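# Results of the structural survey
Chain residues, written in single-letter form:
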Amino acid sequence: ALPICLIYRKILPPVGYYCAYEENACQWGIMALDGKVVVEARYQKVDIECNGTVHLTVIPGKVKTIKL
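This next bit is on the environment of Gln44. Assignment of secondary structure puts Gln44 in the loop between strand E4 (37-43) and strand E5 (45-48). Residues Gln44 and Pro60, spaced 16 residues apart in sequence, show a C-alpha to C-alpha distance of 8.0 Å. Leave out the neighbours within four places in its chain, and Gln44 touches Cys26, Trp28, Thr57, Val58, Ile59 and Pro60.

This part covers the pairing of E5. Side-chain alternation along E5 places Val46 and Ile48 on a buried face and Lys45 and Asp47 on a face that remains uncovered. Judged from the four bridges that link them, E5 and strand E6 (residues 53-59) form a sheet pairing that is antiparallel. Counterpart to Ile48 in the pairing with E6 is Val54. Between E5 and E6, which follow one another and run antiparallel, lie four residues, and Gly52 among them has a positive phi close to 90°.

Reading the values: the criteria
Residues numbered from 1 in each chain as written. Predicted model: local features only at pLDDT ≥ 70, side-chain atom pairs only at ≥ 80, totals over all residues. Heavy atoms only, no water. Helix = DSSP H or I, 4+ residues; strand = E, 2+ residues; numbered from the N terminus. Contact = heavy atoms within 4.5 Å. Buried < 20%, exposed > 50% of the residue type's maximum accessible area, 1.4 Å probe, protein only. Pairing = 2+ DSSP bridges.

Okay, structure coming up:
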C-alpha cells in the first residue's frame, strides 16, 4: 500500500473524527481519522462543523448539507 501522503494532494487538519482531503485539483471529499472515505472527492469545497454537519460545495452557489 502507498503511504497516504502519496495518494492525496492535501489533507486538512481534522475536525472531530473527520478531515477534508483533496484527491485531484479542486476535488474534495471527507475521510474518517482511520482513513476510511465517507464522502467521495467530487466537491469544490467541504466545510466540516464540530457538530458533524458538513457543507459540500458542488458548484459555487450550490451547496449540499449532510450530517455525518
